[in-house]
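Residue-level listing of the chains:
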Amino acid sequence: MNSRCVETTPFAGQKPGTSGLRKKVSVFKQPNYVENFVQSIFNALEGYGGQTLVVGGDGRYFNREVIQIILKMAAANGFGRVLVGQGGILSTPAASCVIRKHKAFGGIVLSASHNPGGPSEDFGLKYNITNGGPAPEKVTEAIFAHTQKISEYRIVDAADIDLERVHATRLGDMAVEVIDPIADYAALMQELFDFDAIRGLLASGSFSLCFDAMHAVTGPYARKILEDMLGAAGGSVIHGEPLEDFGGGHPDPNLVHAHELVERIGKPDGPLFGAASDGDGDRNMIMGRGRFVTPSDSLAIIAANATAAPGYAGGLSGIARSMPTSLAADRVADALNIPCFETPTGWKFFGNLLDAEMATVCGEESFGTGSNHVREKDGLWAVLMWLNILAAKKMTVDEIVRGHWQTYGRNYYSRHDYEGVDSAAAEGLMDHLRALTGTLEGKSLGGYTVAFADDFAYTDPVDGSVSTKQGVRIGFSDGSRIVFRLSGTGTEGATLRLYVERYEPDPARHDLETQEALADLIAIAGDTAEIRARTGRDAPTVIT
Ligand code: G16
């Protein structure tokens, strides 16, 4: 088989963001664009000769074509074996599971997560390391450095591999195994959770669930695990067929985009439990009848009740949350007398803590929860954890949430996104806030006293690496916080994220409407950051 070196020149802007390289499909489709980035990944790695690479994606438009390119380049670069999901499919947590289980050198995951798919929408590509987790910053920086000086890439001339059936074949000297994308993941879930108890809950007749797969990758996983293995009624999984454009929808599991689920659960005879996941299956939204569970509360509640699941019966070593995630998990950690780590946004920052067994469960406000079972956040894992807790406690979602607030107090929490803002204006707003941080401490803003204000920086407790400029936080003396940062996953202009949180210990005040409860702080945030003047926006595009 002929292996060729192809001359190429660098593309500007192949810099991985919060989670890999995400761009419009039209950008990825430029000749050599994918090849340059994949070769730069390989150039940044050492010691992979003869080793195993895992490849799969969320099935979005362009997934199959890119997989064929990666297979041919992996063969030309000397990998010994590639495991690729049938149909080119692997959910992000399943890819992490396969990398770990088969002791692969690493993996390439194709996804733009919750961003829409299709010829005029988004595509993404990221590298995961041996522990199954997203490459840390030192690796992504090395990849970026290679993209800026690349002059050639290597590829074999060969026919495309048949991805549609599970089988083993070869590409030159490299073995290719097209694997069942669900089997390893489903087996892991069975080890972690009490499937008998969940089966009993689902068979009880008084319980019903609806899982919205949003025409994304989780559909086949959810059908297999929830319907086939656990006995949920046929049709419990909706939008279960993965489509290249997600049916034209926005595969982001929140109250805005998972509106059909929200409508179903709002009906008097609707399901008792509802959940949704995103394009690549790592995010989740949890609902019960009459109750939306914020991702921050979900993390805290999972941490407080995890021992109900056999895989966590021995207790947790610690909890980790991203900085903008609410402080609800910190209160659980205090009660359990375990540490709670505050990391920058991005699942990659949890990897070292999990590897060092300093944390067992992790979560982010951006609808991500997970544990040490893989090194990605995991949507179905969160759903199964909730079902396991519901089965063990024999309570409704609403009862569990209220009970949690009674014990720990409630952290009212909301995120306001201003999408598609002019990039220079957004950077200007952040610079303005950074300049203010040194001047705010002790001052009163709208009646709230500033306890601290800073630009969040993180020193990894395991390897000592430092990440700066991770978002501006303003904390008040009553425990309330406002946080500002720019998204690292958008593909058009800038997205300003404002995170607002207020702590309320008094159960008599746990039933306020969230935006009302936070109204003062939202106004303070708008004034302090000069959002209207600097962005020209009167209101956020999405509120979660
Ligand atoms: C990615 C990261 C998450 C992060 C999220 C939002 O999620 O893996 O850790 O919280 O982006 O990031 P940003 O606020 O920078 O847009 P996903 O699901 O998009 O891979």
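The rules behind these values
Residues numbered from 1 in each chain as written. Predicted model: local features only at pLDDT ≥ 70, side-chain atom pairs only at ≥ 80, totals over all residues. Heavy atoms only, no water. Helix = DSSP H or I, 4+ residues; strand = E, 2+ residues; numbered from the N terminus. Rg over C-alpha atoms; globule rule 2.2 N^0.38 Å. Buried < 20%, exposed > 50% of the residue type's maximum accessible area, 1.4 Å probe, protein only. Contact = heavy atoms within 4.5 Å. Areas by Shrake-Rupley, 256 points an atom, 1.4 Å probe, with all protein chains shown as cover. Near = heavy atom within 4 Å. Polar contact = N/O pair within 3.5 Å; in protein donor to acceptor, adjacent residues only side chain to side chain. Nonpolar A, V, L, I, M, F, W, Y, C, P; charged D, E, K, R; others polar. Core = buried A, V, L, I, M, F, W, Y, C linked by side-chain atoms within 4.5 Å. Domains from an automatic or database assignment. Axes fitted to C-alpha atoms, helices over the stretch in contact; angles between N-to-C directions. Parallel < 35°, antiparallel > 145°, perpendicular 65-115°, else oblique. Buried area = accessible area lost by both parts, 1.4 Å probe. Salt bridge = Lys/Arg side-chain N within 4 Å of Asp/Glu carboxyl O. Pairing = 2+ DSSP bridges. Right-handed = clockwise from strand over helix to strand, strands pointing away. Left-handed = near helix turned anticlockwise from the far one by under 90°.

**A closer look at the overall build of the protein chain**
Then comes step 1: Secondary structure assignment for the protein chain yields 18 helices and 27 strands.
Then comes step 2: Expected size for 544 residues packed as a compact globule is a radius of gyration near 24 Å; at 23 Å, the protein chain falls within 12% of this value.
Then comes step 3: For the C-alpha atoms alone, the extent of the protein chain along its principal axes is close to 75 × 60 × 40 Å.
Then comes step 4: Residues classed as buried in the protein chain amount to 59% of the 544 residues present.
Then comes step 5: For the protein chain, the proportion of contacts with a sequence separation of at least 24, taken over those separated by at least 6, is 71%.
Then comes step 6: Roughly 19700 Å² of accessible area belongs to the protein chain as shown, and the carbon and sulfur atoms make up 48% of that amount.

**A few points about the site of the ligand**
Then comes step 1: The environment of the ligand is made up of 19 residues, and the closest members are E364, R485, S487, G488 and T489.
Then comes step 2: The contact in question runs from an oxygen atom of the ligand to an N or O atom on the side chain of H114, over 3.2 Å.
Then comes step 3: Measuring from an oxygen atom of the ligand, one finds a side-chain N or O atom of S487 at 2.6 Å.
Then comes step 4: In isolation the ligand offers 470 Å² of accessible surface; the protein chains occlude 99% of this area.
Then comes step 5: Among the residues forming the shell around the ligand, the class breakdown is 1 nonpolar, 10 polar and 8 charged.

**Examining the nonpolar core**
Then comes step 1: By size, the foremost hydrophobic cluster in this structure holds 73 residues, and its most contacted members are F193, L226, F273, W381 and L387.
Then comes step 2: The greatest single-element share of this core, amounting to 11 residues, is contributed by helix α13 (residues 379–393).
Then comes step 3: Residue assignment places this core across two domains, with domain 1 (3–181) and domain 2 (185–404) each supplying three or more.
Then comes step 4: Not counting the four nearest positions on each side in its chain, L226 is found in contact with L202, L209, F211, G231, A232, V237, L380, L384 and L387.
Then comes step 5: Listed in part, the 47 residues of the second largest apolar core include F11, F37, F42 and Y127.

**A look at unusual backbone geometry**
Then comes step 1: A positive phi angle is found at F62, which is not glycine, with a value near 90 degrees.
Then comes step 2: With respect to the element layout, F62 can be found in the loop between β3 (52–57) and α3 (63–76).
Then comes step 3: The buried category is assigned to F62, whose relative accessible area is 9%.
Then comes step 4: Although it is not a glycine, M214 adopts a positive phi angle of roughly 55 degrees.

**What about the packing of α13 against helix α14 (residues 397–408)?**
Then comes step 1: The geometry of α13 relative to α14 is characterised by a closest axis approach of 10 Å and an angle of 85 degrees between their N-to-C directions. With respect to α14, the axis of α13 lies roughly perpendicular. For the pair formed by α13 and α14, the contact residues are W386, I389, L390 and K393 on the first element and V397, I400 and V401 on the second.

**Observations concerning the domain arrangement of the protein chain**
Then comes step 1: If you check the domain split of the protein chain, you get domain 1 (3–181), domain 2 (185–404) and domain 3 (410–543).
Then comes step 2: For domain 1 versus domain 2, the separation of C-alpha centres amounts to 28 Å.
Then comes step 3: Each partner contributes residues to the interface: domain 1 has 32 residues there, and domain 2 has 31 residues.
Then comes step 4: For the pair domain 1 and domain 2, the summed buried area comes to about 2500 Å², and 57% of that belongs to carbon and sulfur atoms.
Then comes step 5: Connecting domain 1 to domain 2 are 1 salt bridge.
Then comes step 6: There are 12 residue pairs in polar contact (both at pLDDT 80 or more) connecting domain 1 and domain 2.
Then comes step 7: Class assignment for the residues of the side of domain 1 that touches domain 2 results in 10 nonpolar, 17 polar and 5 charged.

**As for the sheet that holds strand β13 (residues 284–288)**
Then comes step 1: Pairing is mixed across the open sheet formed by 5 strands, whose spatial order is β11-β10-β12-β13-β14. The sheet terminates laterally at β11 (237–238) and β14 (291–293), the two strands that pair on one side only.
Then comes step 2: Strands β12 (273–277), β13 and β14 of the sheet are contacted by α14, whose axis makes an angle of about 60 degrees with β14.

**Details of the environment of F246**
Then comes step 1: Within the element layout of this structure, F246 appears in the loop between β11 and α9 (259–266).
Then comes step 2: The class of F246 is buried, set by a relative accessible area of 3%.
Then comes step 3: When the C-alpha atoms of F246 and D280 are compared, they prove to be 11 Å apart, with 34 residues separating the residues in sequence.
Then comes step 4: If we skip the residues at most four places from it in the chain, F246 touches D58, R60, N115, P116, G117, M214, H215, A216, P251 and G279.

**A closer look at helix α10 (residues 295–305)**
Then comes step 1: Of all 11 residues in α10, 10 are buried, a share of seventy percent or more.
Then comes step 2: For α10, the set of buried residues is P295, S296, D297, S298, L299, A300, I301, I302, A303 and N305.

**With respect to the pairing of β3**
Consecutive side chains of a regular strand alternate in pointing toward one face of the sheet and then the other.
Then comes step 1: With 6 of 6 residues buried, β3 lies mostly within the body of the structure.
Then comes step 2: Here β3 shows no split at all, with T52, V54 and G56 on one side and L53, V55 and G57 on the other all buried.
Then comes step 3: Sheet analysis places β3 next to strand β4 (residues 81–89), joined by 5 bridges and oriented parallel. Residue pairing across strands places V54 opposite L83, the latter belonging to β4.
Then comes step 4: Note that the unit made of β3, α3 and β4 has a crossover that is right-handed.
Then comes step 5: Examined bridge by bridge, β3 and strand β5 (residues 106–110) share 5 bridges and lie parallel to one another. Opposite G57, over in β5, you have L110 as the bridge partner.

**Section: the pattern of salt bridges**
Then comes step 1: Applying the stated criterion to the full structure yields 36 salt bridges.
Then comes step 2: When the shortest N-O distance is used, the salt bridge between D196 and R199 registers 2.8 Å. Here D196 pairs with R199, and both are found in helix α7 (residues 195–203), just 3 residues apart, close to one helical turn.
Then comes step 3: When its relative accessible area of 32% is taken as the criterion, R199 is described as partly exposed.
Then comes step 4: Several salt bridges share partner residues, and in doing so they unite R321, D330, E342, D454, R473, R481 and E501 into one network.

**Some remarks on the packing of α10 against helix α11 (residues 328–336)**
Then comes step 1: In the contact formed by α10 and α11, the axes pass within 8 Å of each other and the chain directions differ by 15 degrees. Taken together, the axes of α10 and α11 lie roughly parallel to each other. Crossing of α10 against α11: the hand is right-handed. Where α10 abuts α11, its residues S296, D297, L299, A300, A303 and A304 lie against A328, A329, V332 and L336.

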